[in-house]
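# An overview of the molecular structure
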Amino acid sequence: MTDQAARFRATLIGLTAVLMWATLGVFGAGSGAVPPFLLNALCFGLSGLLAFLWLAFRGKLSALRQPLKVWAFGTVGLFGFHFFYFTAIRNAPPVDANLINYTWPLLIVVFSALLPGEKLKLHHVLGTVLGLGGAALLVSKGEGLSLDPAFALGYGAAVASSLFWSTYSVLSRRLGEVPTEAVAGFCLMTALLSAICHLVLEDTVWPSGTVEWASVVALGLLPVGLAFFTWDIGVKRGDIQVLGAAAYSAPLLSTLLLIAFGFGTFTWIVGAACILITIGAVIAAKDMIFKRAAG
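Residues numbered from 1 in each chain as written. Predicted model: local features only at pLDDT ≥ 70, side-chain atom pairs only at ≥ 80, totals over all residues. Heavy atoms only, no water.

Let's shift gears to the UniProt feature "domain: EamA" (unreviewed entry) in the chain. UniProt tags residues 11-139 and 153-283 as "domain: EamA" (unreviewed entry). For the annotated span residues 11-139, helix accounts for 76% and strand for 0% of the residues, and the straight-line distance between the end C-alpha atoms is 26 Å. Strand forms 0% of residues 153-283 and helix 78%; the C-alpha atoms that close the span are 35 Å apart. (UniProt positions renumbered as here; feature names shortened; annotations may be inferred. Helix = DSSP H or I, 4+ residues; strand = E, 2+ residues; numbered from the N terminus.)

Our next topic: the packing of helix α12 (residues 249-260) against helix α13 (residues 268-284). As a packed pair, α12 and α13 sit with axes 10 Å apart at the nearest point and diverge in direction by 145°. The two elements α12 and α13 cross, and the hand of that crossing is left-handed. Residue-level inspection shows Ser249, Leu252, Thr255, Leu256 and Ile259 of α12 in contact with α13, the latter providing Val270, Ala273, Cys274 and Ile277. Class assignment of the residues belonging to the contact of α12 with α13 gives a composition of seven nonpolar, two polar and no charged. (Axes fitted to C-alpha atoms, helices over the stretch in contact; angles between N-to-C directions. Left-handed = near helix turned anticlockwise from the far one by under 90°. Contact = heavy atoms within 4.5 Å. Nonpolar A, V, L, I, M, F, W, Y, C, P; charged D, E, K, R; others polar.)

A word on helix α6 (residues 104-111). When α6 is considered as a whole, its buried residues turn out to be Trp104, Pro105, Leu106, Ile108 and Val109. Against the buried residues of α6 lie α1 (3-21), α5 (94-101), α7 (122-140), α8 (152-171), α10 (209-237) and α11 (240-246). (Buried < 20%, exposed > 50% of the residue type's maximum accessible area, 1.4 Å probe, protein only.)

The next point concerns empty space enclosed by the protein. All chains considered together, the criterion is met by one cavity of 30 Å³ or more. Lining the largest cavity are 13 residues, and of these Phe73, Val178, Phe186, Asp232 and Lys236 lie nearest its centre. When residues of the lining of the largest cavity are traced back to their parent elements, those giving at least two are α4 (68-91), α9 (183-201) and α10. Tallied by class, residues from the lining of the largest cavity come to nine nonpolar, two polar and two charged. (1 Å grid on protein atoms, 1.4 Å probe; cavity = no way out; pocket = protein on both sides within 12 Å on 5 of 7 lines; lining within 4 Å. Points joined across faces, edges and corners; volume = space filled by probe spheres on them.)

Spelled out as structure tokens, the structure:
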């Protein structure tokens, strides 16, 4: 397989993470009133345990023998993002917190210019900014940010969550020698830290009924499980600018799924966001699309 073909394949694998993250809204709604840190602990615990058992079955537990700095990097990346995101939505209007948090794909594209062998071009930035515009329109329902100084803690936490995930994604490229299987350990550590936060900060509300438990399992298998493994492959070996721009399709697809399952209605705002995000993704990925077509 040529380098270009391998890069294209890794990008496609990374894009499956975006598709899985699009199911967060539906499965999250189905999980009931489970508090966020407990839900995080359950989902990451399931995904980490299943990955650990899979590694044991295949005789690849050696992948978890990583230096302390790698364990710290992976755990801080996964847990730090979720910790600050949950802090943000608890201490600021959720719409504002989500809008600020959704700057992470744009930051990935910008930060990627610091990576060896990567070249940031105008169409990468333009495509990602269009995607950000579409996501902002979708999340805010066209009303924009309120930015009340009373919610400064929440806004700061939203900025931190965006910085944590964008930095984690970009710096993962510099740890290309660390096998993707090591993400299993990061998931288990994130589950442990989330459980501690739950015991300290939240009242316990367990899922009730088949639908809620099934939703929690689905979250742990896909958007809070397999997605982090495929994203790792994408950001380490794929086109990271394309992945960053395409990440803005997650909130759009999530909204469309919620509409399909009866949790919302299709509006002109959803349609406009769809156009902006799609055009932005195509512009950002034009090199990959046309090179592939020419080949």
